[in-house]
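# Topology and contacts: notes
These are the residues of each chain, in order.
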Amino acid sequence: MKQNELKQAIVGLIALFLVSILGLGLWLGLKSTSVLAEAGGPKPDPEVTLVAVGDIMLGRDVAKSSSASPEGNDYPFALVKELGKGADIMFGNLESPLVAPENLSNRQSEGYLFPAQPALASNLRNNGFNVLTVANNHALDYGLPGLNDTLHSLDSAGITYIGAGANPYAPRYIEKNGLKLAFIAATRVEPAGLQAGEPSPIALFDQAKILAAIREARPQADVVILALHWGEEYQAVATASQHDFAKLAAEAGADLILGAHPHVLGEFEVIGRTVVAYSLGNFIFDSRYPPESRDSVALYLKLDKRGVASALAVPLKIENDRPRPLKPEEREAALAKLAQLAIGEAFKSQATFWNGADWQSAPALAFVREATPDGTINLPTSRTIQVRDLNIDLGGYTTGKAVSNLASQPQTNQRIELSEGHLRIWRPNPPNGIWQLVWESKPSWSVEQFTFGDADEDGRPEIMFTLWKNDGWDDASQYRSHPFVYGWRRNAIRPVWAGSALVDPIREFALADFDQDGRNELVVLEGVYADARHAPAQHVTVWRWQGWGYELLYRGPEGKFSSLTYAPGQPYAFFKDEG
């Protein structure tokens, strides 16, 4: 689209700054600047973000490239530091034994060897990895001494390892954000160095033992995760035996199955409630052939009390022995390749992104549990999150940067609660730490969705939310959709910007820096008033703040859209198209 055509499309999202300047707080729902004391307050929803990647090999040419680089041992991770943004857990398959020099002579295999320095465990941890599976065919390349070096190094670095040890099948439990996760691992590809007649220190592919571990973990954990080293090398299609066992693991209670070993990306499917990634391919590797071995992925998983809420596949490329983000012009082709790996409908999706010249939408690979077969909007009616917000008075509205470095500003915890159309904001009282209600929406409003981020490019975070109401001059006594922005201003939650009644209602929205230029964009799924309120959206649009409101950048073709989501720090807005 030409710029003048875009500006002509700016309708609906108009800033009503005079309203806030004149202090019409009642109309905007600012009930009072006084604090309403409440004991306890709402608890954040138990939720964990897990980022899963494939094979991590730190030896051979990767080690040579690291030695030659000024980045040193951080060289393999240097281009993908954003992957861990917002992640509670980063998981991968460690293909390299971390072997002390004195044990390198204890070679057990005549095949490929990937030894790496034990010190690299600290680099893994410093770059976000806190759970790794070592159940693979290289774990015993240097015998039991090499394995012990590896496990000791990971322990010392604070990384949980799975699939090895005195009881390698035993689930490893991790508690995070109110969730209890169980990790189990095994390898179908047996390592060299196994001692005849001795119990294996690596969990081998014993179906009975793996299923027993899943059943043991199921009543004790909220989410059960199984990592398997299996499949055929360089084959993207899973074998019949893999499919058969995935069904058995799903029946036993696994919520998530993460595969490795083929060195290429494999198929993705959902079996009942179980998300299966048959192969996550390579992540850090010096592979040159086949070309597909250099296609990589980061799988962003949102976990909750019911298992996997979403799984978003973000494509990467391995170049010069390390992963890198895709260039804008590479994104469409990479997403299309990933989309072809979906088995069934659950992972079939679309993504909107910047391609270097324009915004576009294309097929992608993503699963959203709450997606409905007919595309009906299915947003949560109750949700509570905890965020960090400003704890000082920085004044009111500004069209420029009020804060240039948010991290340097004093901050406090803040909880945002949505309950059956009612939005509340809570803060702890400094003297006693008791959570207090500091703002709530008007009873006549029906709030649909909210997010927390910099909505007006002033460097400060705000609460952006969408609502339906009929009590404004622009509503004409009919329920209309509005976007509002509130923030901590003059020591209270106050209106920052209030959008007028929209020409096309917002069904869902996401606020993030999707083109990665340092400015947030607003991706919106737009419906029509003639449809029911939760009917599928008809258009995907992209907007950007322009000082006094939002300007339209992109309006996609008509469809039947729902289930908008994104991975923090990544350039893709994923959604379902049931059209």
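This write-up is about the structure you can find in this document. Here the structure is a predicted model, which is why all the values come from computation and not from measurement.

Across the sheet, which stays open at both edges, the four strands sit in the order S22-S23-S24-S25 with antiparallel pairing between neighbours. The sheet is open, and its two edges are formed by strand S22 (446–453) and strand S25 (492–498), each paired on a single side. Strand after strand, the sheet turns through a mean of 30° between neighbouring axes, direction not considered. As defined by bridge partners, S22 adjoins strand S23 (residues 462–469) across seven bridges and the pair is classed as antiparallel. Residue pairing across strands places Val447 opposite Leu467, the latter belonging to S23.

Let us look at the side chain of Asp141. In this fold, Asp141 is placed in the loop between strand S4 (131–133) and helix H6 (143–157). Buried Asp141, no salt bridge; nearest opposite-charge side chain is Arg107, N-O distance 8.1 Å. Reaching out from Asp141, the side chain makes a polar contact with the side chain of His138 at a distance of 2.8 Å. Contacts of Asp141, omitting those with residues within four sequence positions, involve Pro97, Asn106, Arg107, Gln108, Ser109, Tyr112, Leu113, Phe114 and Ala192.

Reading across the sheet, the six strands line up as S6-S7-S8-S9-S11-S10 and stay open at both edges, with mixed pairing between neighbours. Each edge of the open sheet carries a strand with a single partner, namely strand S6 (172–176) and strand S10 (268–271). Taken pair by pair, the neighbouring strands of this sheet meet at an average axis angle of 20°, ignoring direction. Sheet analysis places strand S8 (residues 223–229) next to strand S9 (residues 256–260), joined by five bridges and oriented parallel. Residue Ile225 lies in a different strand from S9, and its bridge partner there is Leu256.

Side chains bearing opposite charge may pair, as long as their charged atoms lie close to each other. By the definition in use, this model includes 32 salt bridges. Glu345 is the partner of Lys348 in a salt bridge, and the nearest nitrogen-oxygen pair spans 3.4 Å. On the accessibility criterion, Lys348 (42% relative accessible area) is partly exposed.

Turning next to unusual backbone geometry. Generally, phi is negative for residues other than glycine and the peptide bonds are trans, each holding for most cases. Cis peptide bonds are those with omega within 30 degrees of zero, and the linkage from Tyr289 to Pro290 qualifies with -5°. Structurally, Pro290 is set in the loop between strand S12 (282–284) and strand S13 (295–304). We note that Glu420 has phi near 50°; this positive angle belongs to a residue other than glycine. Assignment of secondary structure puts Glu420 in the loop between strand S19 (411–419) and strand S20 (422–428). In this structure Glu420 comes out as exposed when scored by relative accessible area, which is 59%. In this structure, Glu457 takes a positive phi of about 60° despite not being glycine.

Let us now look at the packing of aromatic side chains. Evaluation of the coordinates by the stated rule reveals 23 aromatic pairs. With a centroid separation of 5.3 Å and an interplanar angle of 80°, the aromatic rings of Trp445 and Phe484 are classed as edge-to-face. Residue Trp445 is found in the loop between strand S21 (435–440) and S22, and its partner Phe484 is found in strand S24 (residues 480–489); the two are separated by 39 residues along the sequence. According to the relative accessible area criterion, Trp445 is buried, its value standing at 3%. Taking 5.7 Å as the distance between ring centres and 85° as the angle between the ring planes, the aromatic pair formed by Trp497 and Trp545 counts as edge-to-face. Here the residue Trp497 occupies a position in strand S25, and Trp545 occupies one in strand S28 (residues 539–545), the gap between them amounting to 48 residues. By the burial criterion, Trp497 is buried, and Trp545 matches it.

Reading guide: rules and limits
- Residues numbered from 1 in each chain as written.
- Predicted model: local features only at pLDDT ≥ 70, side-chain atom pairs only at ≥ 80, totals over all residues.
- Heavy atoms only, no water.
- Pairing = 2+ DSSP bridges.
- Helix = DSSP H or I, 4+ residues; strand = E, 2+ residues; numbered from the N terminus.
- Axes fitted to C-alpha atoms, helices over the stretch in contact; angles between N-to-C directions.
- Buried < 20%, exposed > 50% of the residue type's maximum accessible area, 1.4 Å probe, protein only.
- Lys, Arg positive; Asp, Glu negative; His and termini not counted.
- Salt bridge = Lys/Arg side-chain N within 4 Å of Asp/Glu carboxyl O.
- Polar contact = N/O pair within 3.5 Å; in protein donor to acceptor, adjacent residues only side chain to side chain.
- Contact = heavy atoms within 4.5 Å.
- Phe/Tyr/Trp six-rings, centres within 6.5 Å; stacked < 30°, edge-to-face > 60°.

Taken by themselves, the reported measurements are silent on function.
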